[in-house]
Each structure stands twice: as structure tokens, then as C-alpha cells.
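For reference, the chains in residue letters:
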Amino acid sequence: MGFRAAWALVLLLPGGLIHGFPKPRGVEDKSLHNRELSAERPLNEQIAEAEADKIKNISPPENTPGETNYSFVDNLNLLKAITEKEKIEKEKQSIRSSPFDNKLNVEDVDSTKNRKPIDDYDSTKSGLDHKFQDDPDGLHQLDGTPLTADDIVHKIATRIYEENDRGVFDKIVSKLLNLGLITESQAHTLEDEVAEALQKLISKEANNYEEELNKSTSRTENQAGKTPGKVTLKATTQNGFTNRESDETISNTLTLANGLERRTKTYSEENFEELQYFPHFYALLKSIDSEKEAKEKETLITIMKTLIDFVKMMVKYGTISPEEGVAYLENLDETIALQTKNKLEKNATDNKSKLFPEKTEAYLEAIRKNIEWLKKHDKKGNKEDYDLSKMRDFINQQADAYVAKGILDKEEASAIKRIYSTL
Amino acid sequence: MAGPRGRALLALCAALAAGGWLLGVGAQEPGESAAGMRRRRRLQQEDGISFEYHRYPELREALVSVWLQCTAISRIYTVGRSFEGRELLVIELSDNPGVHEPGEPEFKYVGNMHGNEAVGRELLIFLAQYLCNEYQKGNETIVNLIHSTRIHIMPSLNPDGFEKAASQPGELKDWFVGRSNAQGIDLNRNFPDLDRIVYVNEKEGGPNNHLLKNLKKIVDQNAKLAPETKGVIHWIMDIPFVLSANLHGGDLVANYPYDETRSGSAHEYSSCPDDAIFQSLARSYSSYNPAMSDPSRPPCRKNDDDSSFVDGTTNGAAWYSVPGGMQDFNYLSSNCFEITVELSCEKFPPEETLKSYWEDNKNSLINYLEQIHRGVKGFVRDLQGNPIANATISVEGIDHDVISAKDGDYWRLLVPGNYKLTASAPGYLAITKKVAVPYSPAVGVDFELESFSERKEEEKEELMEWWKMMSETLNF
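Sequence positions are assigned chain by chain, starting from 1 and proceeding in written order. For this description, chains carry letters from A and ligands carry numbers from 1, given in the order in which they are written. Thresholds applied to this predicted model are a pLDDT of at least 70 for local features of residues and 80 or more for the giving and counting of side-chain atom pairs; totals over whole chains, interfaces and linings are not thresholded and use all residues. Water and hydrogen atoms play no part in the side-chain values, which are based on all heavy atoms of the structure.

Looking at an unreviewed UniProt entry, chain B carries the name Carboxypeptidase E, with the source organism given as Heterocephalus glaber. Regarding chain B, the relevant UniProt record gives this comment under Catalytic activity (unreviewed entry): "Release of C-terminal arginine or lysine residues from polypeptides." UniProt positions are given in the numbering used here, feature names are shortened, and annotations may be inferred rather than shown by experiment. Reading the Subunit (unreviewed entry) entry of the UniProt record for chain B gives the comment "Interacts with Secretogranin III/SCG3."

Going by an unreviewed UniProt entry, chain A carries the name Secretogranin-3 and comes from Heterocephalus glaber.

Participant: Quick question: what am I supposed to make of empty space enclosed by the protein here?
Facilitator: Residue and element names in this part refer to chain B. Using a 1 Å grid laid over the protein atoms alone, points where a 1.4 Å probe fits but cannot get out form a cavity; open sets with protein on both sides within 12 Å along at least 5 of 7 lines form a pocket; any residue with an atom within 4 Å of a point counts as lining. Grid points are joined across faces, edges and corners, and a volume is the space filled by probe spheres set on the points. Summed over the entire model, instances satisfying the criterion amount to nine cavities of 30 Å³ or more. If you add up the space inside the largest cavity, you get close to 170 Å³. Together, 20 residues line the largest cavity, and N188, H248, W319, Y320 and E342 are the ones closest to its centre. Residue composition of the lining of the largest cavity, grouped by class: four nonpolar, eight polar and eight charged. For this classification, the nonpolar set comprises Ala, Val, Leu, Ile, Met, Phe, Trp, Tyr, Cys and Pro, the charged set comprises Asp, Glu, Lys and Arg, and every other residue, Gly included, is treated as polar.

Participant: Sorry if this is basic, but what is going on with the sheet that holds strand β15 (residues 417–424) of chain B here?
Facilitator: Within a sheet, neighbouring strands are paired by backbone hydrogen bonds and run either parallel or antiparallel to one another. Residue and element names in this part refer to chain B. The strand order β13-β12-β15-β17 describes an open sheet built from four strands, whose pairing is antiparallel. Looking at the sheet topology across the chains shown, the edges are occupied by β13 (398–403) and β17 (431–437). Mean inter-strand twist for the sheet, computed between neighbouring axes without regard to direction, equals 25°. Between any two strands, at least two bridges found by DSSP are needed for them to pair. Under the scheme used here, helices are H or I runs from DSSP no shorter than 4 residues and strands are E runs no shorter than 2 residues, and both carry numbers assigned from the N terminus. Pairing of strand β12 (residues 392–395) with β15 involves four bridges; the strand directions are antiparallel. Across the sheet, the residue bridging to S394 is T422, located in β15. Here, axes are lines fitted to C-alpha atoms. For helices the fit covers the stretch in contact, and angles between N-to-C directions go from 0 to 180 degrees.

Participant: I keep staring at the pattern of salt bridges and nothing clicks. Help me out?
Facilitator: Close approach of charged atoms lets side chains of opposite charge pair. All names here are of chain B. The rule for a salt bridge is simple: a side-chain nitrogen of Lys or Arg has to be within 4 Å of a carboxyl oxygen of Asp or Glu. Per the counting criterion, the structure on display carries 31 salt bridges over all chains. E163 is the salt-bridge partner of R55, the closest N and O atoms lying 2.8 Å from each other. One end of the pair, R55, is in the loop between β2 (49–50) and α3 (56–69); the other, E163, is in helix α6 (residues 159–166), and 108 residues separate them in sequence. Exposure categories follow from relative accessible area, calculated using a 1.4 Å probe and restricted to protein chains: below 20% of the type maximum is buried, above 50% is exposed, and the middle band is partly exposed. R55 gets classed as partly exposed once you look at its relative accessible area, which sits at 28%. Judged by relative accessible area, E163 falls into the buried class, the value being 11%. Across the pair R150 and E106 runs a salt bridge whose closest N-O atoms are separated by 2.9 Å. In this pair, R150 sits in strand β6 (residues 150–154) while E106 sits in strand β5 (residues 106–111), placing the two residues 44 residues apart along the sequence.

Participant: Looking at this structure, how should I read a nonpolar patch on the surface?
Facilitator: Grouping into patches uses exposed residues only, defined as over 30% relative accessible area, and leaves out salt-bridged ones; the cut-off is 9 Å for like charges and 5 Å for nonpolar side chains (Val, Leu, Ile, Met, Phe, Trp, Tyr). Accessible surface is estimated by sampling points in the Shrake-Rupley manner with a 1.4 Å probe; for residues, cover comes only from the protein chains shown. On the surface, W466, W467 and M469 of chain B cluster together into a nonpolar patch covering about 380 Å² of accessible area. Looking at the element boundaries, W467 of chain B is found in helix α14 (residues 452–474).

Participant: How do you make sense of the packing of helix α4 (residues 119–137) of chain B against helix α5 (residues 140–148) of chain B when you look at a structure like this?
Facilitator: In a pair of packed helices, the angle between the axes and the distance between the axes together describe the arrangement. All names here are of chain B. At a minimum axis separation of 8 Å, α4 and α5 run at an interaxial angle of 110°. The angle between α4 and α5 places the two elements in the roughly perpendicular class. Along the contact surface, α4 presents Y130, L131, E134 and Y135, while α5 presents I142, V143, I146 and H147. The residue inventory of the contact of α4 with α5, partitioned by class, reads six nonpolar, one polar and one charged. Oblique is the label for any angle not under 35 degrees, not over 145, and not in the 65 to 115 range, which are roughly parallel, roughly antiparallel and roughly perpendicular in turn. The contact definition used throughout considers only heavy atoms, calling two residues in contact when any of these lie within 4.5 Å.

Participant: Explain the packing of helix α12 (residues 279–287) of chain A against helix α13 (residues 294–316) of chain A to me, please; I cannot follow it from the model alone.
Facilitator: All names here are of chain A. Between α12 and α13, the shortest axis-to-axis distance is 10 Å and the interhelical angle comes to 160°. It follows that α12 is roughly antiparallel to α13 by the angle criterion. The two elements α12 and α13 cross, and the hand of that crossing is left-handed. Within the contact between the two elements, α12 uses F281, L284 and L285 and α13 uses K297, L300, I301 and M304. Its residues assigned to classes, the contact of α12 with α13 comprises six nonpolar, no polar and one charged. By the definition used in this description, the sense in which the near helix is turned from the far one sets the handedness, with an anticlockwise turn below a right angle giving left-handed and a clockwise turn giving right-handed.

Participant: Hey, could you run me through a negative patch on the surface in this one?
Facilitator: Counting rule for charge: Lys and Arg are taken as positive, Asp and Glu as negative, and neither His nor the chain ends is counted. For this purpose, a charge sits on NZ of Lys, CZ of Arg, CG of Asp or CD of Glu. Together, E458, E459, E461, E462 and E465 of chain B make up a negatively charged patch on the protein surface. Among the structural elements, E461 of chain B can be located in helix α14.

Written out as C-alpha cells, the structure reads:
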């Protein structure tokens, strides 16, 4: 019995030697196959190119101002409709204390700065206000001529000025960006132009006030640094209303200029925050894992852009009204989001269901061969009376047993049973 | 719907549909498209055999197709699950699937235990389909085989490793990626090293077979064993396998025990007691594979040392020492004689070569199967005809015994010659018989063993008889 105990002990000793064996290393792997959907790219590029052209053509007036201006203005119009809605909501919430104040980097906070210029301004003074009210879709000037790009920039600037809220600009630009109608660089350009226009506005208004004030106050106070076109901090030396006004508008412009940086930070990461009009779509995009399903995300964004383009065209040609376009898009948003969600959820089974008819075909063929052979080799010798019902029972039993053991999945088993039941 | 609004609606719907299509295209499997795979499958099909690599789902489907076509002679079962939960699928082919018929020997083929050695896996899938097809066509060899043998085919012992290997992009696969199981365990080094024990026993005295008897519990509690290894060990313990082959890749040779060198050196011919029959078995595979048995074949790689290769065969340890391998584990823990077949210089060759690998190996695979019907076989029973399980059958001159299975049936592979076979069991008187063994088929030799108590009774009766006779004669 001694040696048995000995070899039992030996068995419990740690295992044997590990040998490296003389095998050569393998060859390097090839790079991963690129899975980009090539169909998407041209569309993106097209939109970007088209918009680049439009923006480029804003400065010199075009031969055909109609085409490009229309689409640009159309977008603005659509967005206007959107922003109108937002505005109404905001009004209800009565958050009208200037958010603008938060952006003030200026040191001293005067309580009087809470007053909005709009309260003090006579709408007749700007003149542009008139246009907004009388021209709901903003497509035409008062005299009926179509808006030029310049006009648009001017309009935006005026709007900002009146609202005293650069957020207006932010919203408009982010929407344009998100919809892929302009690129980042175009947005920068637009910002510059709007800033310029705004400057002009401010200086113009400042000059108007200056003139008025000059009538009532001493000249010396206001002479320093009120050069039109050059709005600097020096101009904020004076007292009262002018200073306050200048301060605010100067800060406005400054923040506009600084806004370049801020905007790039804000919008690059949260591109779709402004897509409040497409809540479901936005939610879906957020739910998609950017790393794993980048392609899905890209595809979805492109689709959305394409469809928005489409709606714009319809609005442009007067087929539908802007409100209707917006309504269409709303419905679209819900439909697409739902569809995609379902598709993404069914990813695992999607492939299976594609291959399933193919698999069933193979199984069908195998079953056919089986029945054929069984009929030939039936031991009882009754060729016509081959007992299919017994076979069916056997198959049903086996199929279930196989499902339980993980050899068949449920769909396969039911398909097999189905095939046998039809024989 | 003719109005402008209607047109707009239609157009929008079209755009939506287009969007929907775009969405559908998104979710694809890496590498080939599903449609592309289907197309290729049809092109390379031959009688239901598709000469292409089968991933786990396709492997399963292929086996299911074989079963569906040959329900009378096949059955699918699983030996356990891989680390990542894939079933270790086996398809069994016999005239009475699921049942061990007394006297019917059991055979197994195991492939792809190194996940990146892919040819064996595919060959076994092709083999299963081929056996089914040929059986139904009435191919006599195949019909006889299936009627007289229980054939178990496990295309992949390492499905996790295979998935890893197959997932590599491009056709050139790494020499090591996917070799081990999902835990990083090399399954062919993971079996209990019974060689070591045997070598000790050889010096100090002790058994050299069935060393795993009563150690089932230790196996279950051994944390170092991979789930795949454990599954196979249980499989070997449960079914009285007689002959087996373990399919690999990376070279072209039929390798036989022992795999581990006695001295512990890197290369050394280490013969087992059944060296003669193993050489014959290895040859029975290699001789039908033209590439393997080609004497003027250059080695797979320029600097390879194939000096130990003879007629496409080699002693394992003479080639290089392998401890903890499945082949030797079979031989030392059970009745099963297993060889290791290296099928291809390239471990994971391009799919287009699979058909030619099948052509090269088809006959070898069948011929090797037929080797199971060699040597001596029979039953060990008691005088009443009841089977005696776990009886020992020893052969004079060969220091390795086999034991009878539950029905008292045994099979002893031997090269042609004259032998003395002894059957013994505890509590029984051993019986020795002389046998002349041809190349094939197996010679039938049954044993009826008399138990000690029976003999005692007999002797007692004899004594009584004698006493009676004496007393009558001498007038007690």
C-alpha cells in the first residue's frame, strides 16, 4: 500500500514542466477594413460646399441674389419660427432680466444696468423694428425687394441689439451649424459680420444720443474717444445713460468678439443641445454610444439634414408654409427616432433573421433527404405507409430536448417542427 | 393626392423610406457581409458540404443539418461548455445513436483544441456530412463502419479560441492568437501529467494504466483545469473509448505516445508499452495522406527539425516533449489509444485550400476509423453468463492492461502476432488463452471466469464425493 500513497502524493505535486516549442512568429496583420458608408460623404460635402458658396457671396452682391439669398433667408425664417416659439415660452417664464448681465466681465455692477435698452428705446428710432413687425416671414424689405445677405446680417445685428442678448445670435448660429447649413468657419465669418454690423449700430445710436446730449450737456465731456467705428473701453468714461448704454453695448460687442472661443467650446461638444425642436431625435442620438455606433450616429444626422433640406425646399417653393414644414419635421423626428431605436435594439436578432430563411432552406433540404431515405429503407417494408407521425413525434421530442441543451435555438426548433408537420 | 401638398407628402415619405434603408444598412458584422458569405457557400458546396470556415453558429447549424438528414444514425450532444459558454458539441454516428451496444467499440475524433489550428475543425464537419451522405448512398465501407462502431466527432474543443483566431482581419493569421482557451490556458498542456507518475512507477513499481481511477473528485476540485479540459476528462471516464485522434495544425505528421520525455530532456524517443501498435496506427493515417507520407517532402519551415519523422509518423517525445497533453492522458487514464495528427504546415490556411485538405485527408480519416476493428475483442463473464465489469485483460509481453466495460466487453488493439491473453477480476480465478492475431478483423475471445467461492464449492463437493466413495469402499 506504500507505493500507492507515494504516487498519490506525487499526483498532488505541482504540474509538469512547461516547454516553449520552436515555432516561428506569424506575419503582421493587415489594417482593418474601412466601413464608411460612402453614400453619405458626397451629401455632407455638397451641403457644406453649397453653403460655403452662399456665405462667400454675401459680401459682393450677386447677379442672382434670389437663389442663394432665398435659401439662407429661408433657413433664417424657419429658425425664426422656431425661435418665436422659444421666445413665447421664455416670455411665459418671464425670465427677461438680462441674461446678458452674466456675460459682463466688467467690474462694477450698477443696479441701473438692469434696465433694458428696449424699454427706453422708441421703436421708431431703429426703423428696422418696423420691418420685423410688418414682414412676418422676413423675406422682403418694405419696398418689396428681396433681402440681401447684408440685410440679413443687419437684421441679426439689430435683433441682438434690441434684445440686448447675444444669445439670439448664438441660437441662430448654432441652429445653422447643427443643421449643417454652415460650417464652423462660416459661422466665424458670420459672427464677425454681425459684430461689425452691431458695432455700427451701436456707434450710430451712440452718435445719435451724443448729438442729443451734446445739445443739453457740455461738449467736452463727450468728445473723448467717441469715434465712430472704434468702440473701445475709453468711451465708457461718461456718466448717465450714455455710459451705461455704451458699457452695455460695448460689452455686447466685446463678448461677441470673445464669443468665438466660447462658442467653439460650447458647440463642438454639445452639437445637438439646440435641437429642441427634435427632442426624440436628440434623445436617440444621445443614447447611441459614440464609439461603438459612430456610423449609426453619422447616418442619422445625415438623414435628418437631408430631410430638413427637403422641407426647406418645399417651404421655399411655397408648397407648404413654414409652420407646416416645422410640423412635418416634428413628426419626422418622432418617426425616425422610433424606427432607429427598434432597429438598434434588434441588432442581435437582425442578422439572425436575415440569415434565417437561408438556414431554414438548408434544414428543409436535409429533412427532405431524410424522409426520402427513410421511405426507401423502412424496415417494415410498407413503402407507402411509412409512419410519418411517429417520425414527427420523435422529431418534436428531440427538437425540444436539443433546445433544452442549447444545441438548437427556439426558432430553429419551431421551424423544424413546422416543416415536419407540413409533410 | 395630386395637389402640391400631396406631392410633398409623397416626397417626404420617399425620403423617409430612403432614410429607413440607410438605417438598415448600419448594423453589419465585421469582415464579410452576410450576403457575401452566403454566395460563397453556394459556390463551394458539394453534396451538402460547404468548403468554408464555420464559425460557432455555422458549426452548430452544420451539425444540425447532418442530424436532420440522418436522424436514424445520428445524435448531437454536448460535453460541456467552454469558458465563454459555447457548447462543446459532439455528433455521434451509429446505427443506434445514444446507445452503447455491447461489444460495439467507441471511437472519437477531437479537433481544434488549439483554436487557431483550424483545419481539423473543418475536416470533422466535412466528415460528419460525408459519413451521412455516404451511408444514405449505400457506401458499403461506411455502412459497415456505422453499424459496427459508435463514432463520436467533436469538431472543436476550443470554440472560444477559434472565434478569436477567426476574428483576425485578413488571411494571414498570427501563429499564437486563438491558440489557448479564453482563459489563456493551453488545453494541450492542461491535462493532469500522468506521464510523470508512470515514469516514477516504472522505476519504483506501480501501474501504468487507469491512473485516474477514483480520482474523479480531485479532477472536479482542481481549479487549474479549464472547463474544456474537465469536460473532456468526464467524457473519457463516461464512455469506454477504444481509439481516438486529436487533430492539430502547424505541421504535417502523425504523432504517437509518449509525448513527454522520460529524462526530461527536450527530445528523446520515449516509447510506451504499445509502441508497435501505435506506430501501425499512426501509419494507417499518414499513409493515406499523400502530403504527409511523401518521403521527399521538405519540412514545413526551412529550419524545422523533422529528423524524428518516419513515413509521416513520429514518436511524440522524439519530436519535442509535451507534458500535460490530451493524447497521453487518454492512454494512461483509460483504455483509449490516441494519436495526435498535425494536418497542415499553416495553422489557419486560406479558405480556398479547405477543399484540397479534405481531399488529402478524407481517406486517412476513414482508414484510421477502421483501425478500431483490429486485435482482440470479446466479453468477460462469470459462469452464469453475467458480465463482469472492470475485469483486467492483460497481454503477456506488453506492460499495459485494458479493463472491461459495463457489459463486460473489452477491445484490445494489437499488431499481428501470437499472444497470450489473461482475464482476471477480484474474487475470480484468472484465465489465460492463446490467440493468433491477424492484421484485421479483430479476433473474438470471450472469458468465463469462475469466482473463488464457486471453486470452493466445487472443491468441497469433490471432497464429499471422494469421501463417499471411500466410505462405501472401505465400509466406514
